[in-house]
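# Residue-level structure breakdown
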Amino acid sequence: MRYLALLIPILFLSENTFSQGGKPKPTIVNLKVGRKEDSSAIKDYFKRQNKLKNEADETQLNQTLEFFNTYESVADTFTALTITSSKLARLPESFKKFKNIESLKLMRCQSVYLDDLFDKMRDFKQLKKLEIIFSNKAGIPENIYLLSNLEELNISNNHLRKLPDSIIYLKNLKKVNLMHNPYISIGQAFSKLAQIPKLQYLDFSFSQLDSIPQTIGDFKELTYLDISDNKFTSIPEQFGNLNKIVEINLNGCKKLNLKTALNAIGKCKSIETLHMQYSMIEDVPAEIGTLTNLKYLYLKNNLIKSLSSEIGNLKSLIILDLGSDIMSGDKNQLTSIPASIGNLSNLKSLNLSLNKLDKLPNALAQLKQIEGIDIGWNAFEKFPEVLCEMTSLKAINLNVNFFSVIPERISNLNNLEVLLMAGDFRQQPKRKIKTIPSSIGQCKKLRVLNLRDHVIEELPAELWTLGALEELNLMDNLLSKLPDEISQLKKLKSLNVKANDIAYFPTSFGTLKEIEYVNLAYNPPLDFSPVFGILASCKSLLKVDISYNELDIERAKELKRALNGAKVIKLELKSKSTKADVMKEEERK
């Protein structure tokens, strides 16, 4: 070959490629490039792109200036402004007339002279909030003190080296956001901010901080501190001087020594909320027990294998999150929970999802205030009977476990509103639910019931007495019919019976006045001729899925016409697809 062809994806971001929310919309161009012959093509390409960018930036600048000219006569009626212009260097004199604005945001204003801006704003006595973000600013000018009534300052996502000395004169400043400023001098910044008497909120997240200065203890009015996703390994003991701190975010602080951190935080008796997610924590030590006034503890998406029994000291705790997200690379790995968790008398929500639990302590029955528990995606081979004693529960997530029997005592849960017990399509039938106990009919407040991916052949008559039921998911079971009694579910809004063997669809279904979604996909035995008329009687119906059935596209159009505009989904069945293929596709989605 005369030259080696290279496929080069070129990503170019111009000012007009950004959405309103600030997220880039990339334009990707592939070029085949030769070593000599095509080098000029690369240069020409970038010349064209630079020209387009300059044109777009110039247009944006002209539009910005035109705005100020157009609205100059009514400038005093504006209370908020957002300016995005990379070429805007100085705001026009007419900007001074917008003196009643309370909030000003400058986004991607790399060229603007901030000292000129602040000078023009010296009479903006109503200004409470200033944002200068994504603007590559290395510094903030000293005349920021002119904005004497400022309460909130957001200078995140810049390249700040230090803060101006005059920031200490912003006596009304309550909230400062310095997120994503990786070059800032942390010592100098903390020294200045600590002198602002009313400062309550401070965000220093994602700023490459390798230490926390001892001056942290001088923030006497601070109630919220976000120092997440940084590199520091310890928290100074002066942290205990934060007498008004209520919430601390330490998410993603993967190098932090947890024991010493908890000792320091434990001295803050006002602390109510602690975030320590995505922090690669393997063990929750006894020091956790020092946070006796804590109400909300988030330890999600770590690597936790053990939980100290001292967790039982947190008797003010309302939410305890020890779960994991299914898409997270880091997941907690608890195999047991200490019995002392039963001491958390105020606990309302407990998340233990995606761990390795196969049993729960009986002490959970002592939690008289508990309303929600998530133990989905664990290893329970038997339904945790202790749940039946937790009669205050309103929501239970037991999705994707291995038990096959629902106890009769589920009738004790007379406050239950949400019950999720979806199975795992990949598991053997012996690890799936075959029958639903008739006692479920006693759960009169049940609104959501999910029993998908099991081997249920028949439904108990008592199920149809659950008058509060709004969502019923029986997808991928072995049902052959839906009974006429389904019409008793007057509040039903969603029914999913995809991938069953339903041959009978009751006429009474047409009396359900609130039904919005019906999924009848992949039910080969079902004769849709009467079904169309039944569904047409459901005046609130918004969407029907009839995919993977023996219906041609014309029949699907006929149903759509009958439903007066409701969305009809009709995906075609591949020639050799099986129920397993359809379910695998559903799992992929």
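Above this text you will find the structure in question.
## What about the overall build of the chain?
- Secondary structure summary: the chain contains 7 helices and 25 strands in total.
- Each of the three principal axes of the chain carries a C-alpha extent, and together these read 75 × 65 × 65 Å.
- With 589 residues in all, the chain has 51% of them scored as buried.
- Of the contacts formed within the chain by residues at least 6 apart in sequence, a portion of 47% connects residues at least 24 apart.
- Accessible surface, the chain: about 27,500 Å² in total, of which carbon and sulfur atoms supply 48%.
- Each charge class in the chain was averaged separately, 80 positive and 69 negative side chains, and the resulting centres sit 3 Å apart.

## Description of the nonpolar core
- In this structure, Leu104, Leu193, Phe204, Leu250, Phe509 and Leu535 are the most contacted members of the largest nonpolar core, which totals 162 residues.
- Discounting chain neighbours no more than four positions away, the residues touching Leu104 are Leu81, Ile83, Phe95, Leu117, Met121, Leu127, Lys129, Leu130 and Glu131.

## As for the environment of Ser487
- Turning to its location among the elements, Ser487 is positioned in the loop between β21 (471-473) and β22 (494-496).
- Counting along the chain gives 22 residues from Ser487 to Phe509, while the straight-line C-alpha distance between them is 5.4 Å.
- Beyond its immediate chain neighbours, meaning those up to four positions away, Ser487 contacts Ser508, Thr511 and Leu512.
- A distance of 3.1 Å separates the side chain of Ser487 from the backbone oxygen of Asp484, its partner in a polar contact.

## Let's talk about the packing of aromatic side chains
- Tallied over the entire structure, the rule returns 16 aromatic pairs.
- Ring geometry for Phe67 and Phe78: centres 5.8 Å apart, planes at 85°, overall edge-to-face. One end of the pair, Phe67, is in helix α1 (residues 39-70); the other, Phe78, is in the loop between α1 and β3 (80-83), and 11 residues separate them in sequence.
- Ring centres of Phe68 and Phe98 lie 5.4 Å apart, and the angle between their planes is 90°; on these two criteria the pair is classed as edge-to-face. Remark: Phe98 occurs in the loop between β3 and β4 (103-107) and Phe68 occurs in helix α1; sequence separation between them is 30 residues.
- The exposure class of Phe98 is buried, given its relative accessible area of 0%.
- Through successive ring pairs, a cluster of aromatic residues spans Phe67, Phe68, Tyr71, Phe78, Phe95, Phe98 and Phe124.
- Just above the ring of Tyr201 sits the side chain of Lys175; from NZ or CZ to the centre is 4.3 Å.

## Overview of the packing of helix α5 (residues 528-536) against helix α6 (residues 553-562)
- As a packed pair, α5 and α6 sit with axes 9 Å apart at the nearest point and diverge in direction by 20°. Judged on the interaxial angle alone, α6 and α5 are roughly parallel. Handedness of the crossing formed by α5 with α6: right-handed. In this structure, α5 uses Phe528, Ser529, Phe532, Leu535 and Ala536 to contact α6, whose residues at the interface are Arg555, Glu558, Leu559 and Ala562.
- Its residues assigned to classes, the contact of α5 with α6 comprises 6 nonpolar, 1 polar and 2 charged.

## A few points about the state of the cysteines
- Overall, the coordinates contain 0 disulfides when judged by the stated rule.
- For Cys253, which is in no disulfide, the shortest distance to another cysteine sulfur is to Cys268 and amounts to 15 Å.
- Judged by relative accessible area, Cys253 falls into the buried class, the value being 2%.

## Quick word on the pattern of salt bridges
- What the rule picks out here adds up to 25 salt bridges.
- The partner of Lys192 in a salt bridge is Asp165, with the nearest N and O atoms 3.2 Å apart. Highlighted residues: Lys192 in helix α3 (residues 186-193) and Asp165 in the loop between β6 (152-154) and β7 (175-177), separated in sequence by 27 residues.
- Looking at Asp165, the relative accessible area reads 41%, which means it is partly exposed.
- Its salt-bridge partner being Glu381, residue Arg431 comes within 3.2 Å of it at the nearest N-O pair. A residue pair is termed long-range when its members are at least 10 positions apart, and Arg431 in the loop between β19 (418-420) and β20 (448-450) and Glu381 in the loop between β17 (372-374) and β18 (395-397) qualify at 50 residues.
- Judged by relative accessible area, Arg431 falls into the partly exposed class, the value being 27%.
- Connected via shared salt-bridge partners are Arg90, Glu93, Lys96, Asp116 and Lys120.

What counts and what doesn't
- Each chain carries its own residue numbering, running from 1 in the written order of its sequence.
- Only residues with pLDDT of at least 70 get local features here, since the model is predicted, and only at 80 or more are side-chain atom pairs given and counted; chain-wide, interface and lining totals rely on the full set of residues.
- Side-chain calculation: all heavy atoms of the structure are included, whereas hydrogens and water are not.
- Strands here mean DSSP runs of E at least two residues long; helices mean DSSP runs of H or I at least four residues long; both are numbered from the N terminus.
- Three labels apply to residues, based on accessible area from a 1.4 Å probe with only protein chains included: buried if under 20% of the type maximum, exposed if over 50%, partly exposed otherwise in between.
- Note on contacts: a residue pair qualifies if any of its non-hydrogen atoms lie within 4.5 Å across the two residues.
- Surface accessibility follows the Shrake-Rupley procedure with a 1.4 Å probe radius. Residue values consider only the protein chains on display as shielding.
- Only four residue types enter the tally: Lys and Arg on the positive side, Asp and Glu on the negative side, with His and both chain ends excluded.
- A charged residue contributes its charge at one atom only: NZ of Lys, CZ of Arg, CG of Asp or CD of Glu.
- Residues belong to a common nonpolar core when they are buried Ala, Val, Leu, Ile, Met, Phe, Trp, Tyr or Cys residues joined through side-chain atoms within 4.5 Å.
- Residues adjacent in sequence count toward polar contacts only when both atoms are side-chain atoms; beyond that, a polar contact is any pair of N or O atoms within 3.5 Å, and within protein one must be able to donate a hydrogen and the other to accept it.
- In this scheme Phe, Tyr and Trp rings, the latter by its six-membered ring, pair at centre separations within 6.5 Å, and the angle between planes marks the pair as stacked below 30 degrees, edge-to-face above 60, and tilted otherwise.
- Geometrically, a lysine NZ or arginine CZ counts as sitting over a ring once it is within 6 Å of the ring centre and also within 35 degrees of the ring normal.
- Between the N-to-C directions of two axes lies an angle of 0 to 180 degrees, each axis being a line fitted to C-alpha atoms and, for a helix, fitted only over the stretch in contact.
- Geometric relationships in this document are graded by angle, where less than 35 degrees denotes roughly parallel, more than 145 denotes roughly antiparallel, 65 to 115 denotes roughly perpendicular, and other angles denote oblique.
- Note on convention: the crossing is left-handed when the near helix lies turned anticlockwise from the far helix by less than a right angle, right-handed when the turn is clockwise.
- Asp, Glu, Lys and Arg are counted as charged, while Ala, Val, Leu, Ile, Met, Phe, Trp, Tyr, Cys and Pro are counted as nonpolar; the rest, among them Gly, fall into the polar class.
- Only a pair of cysteine sulfur atoms within 2.5 Å counts as a disulfide in this structure description.
- Salt bridges, as used here, are contacts in which a Lys or Arg side-chain nitrogen is within 4 Å of a carboxyl oxygen on Asp or Glu.

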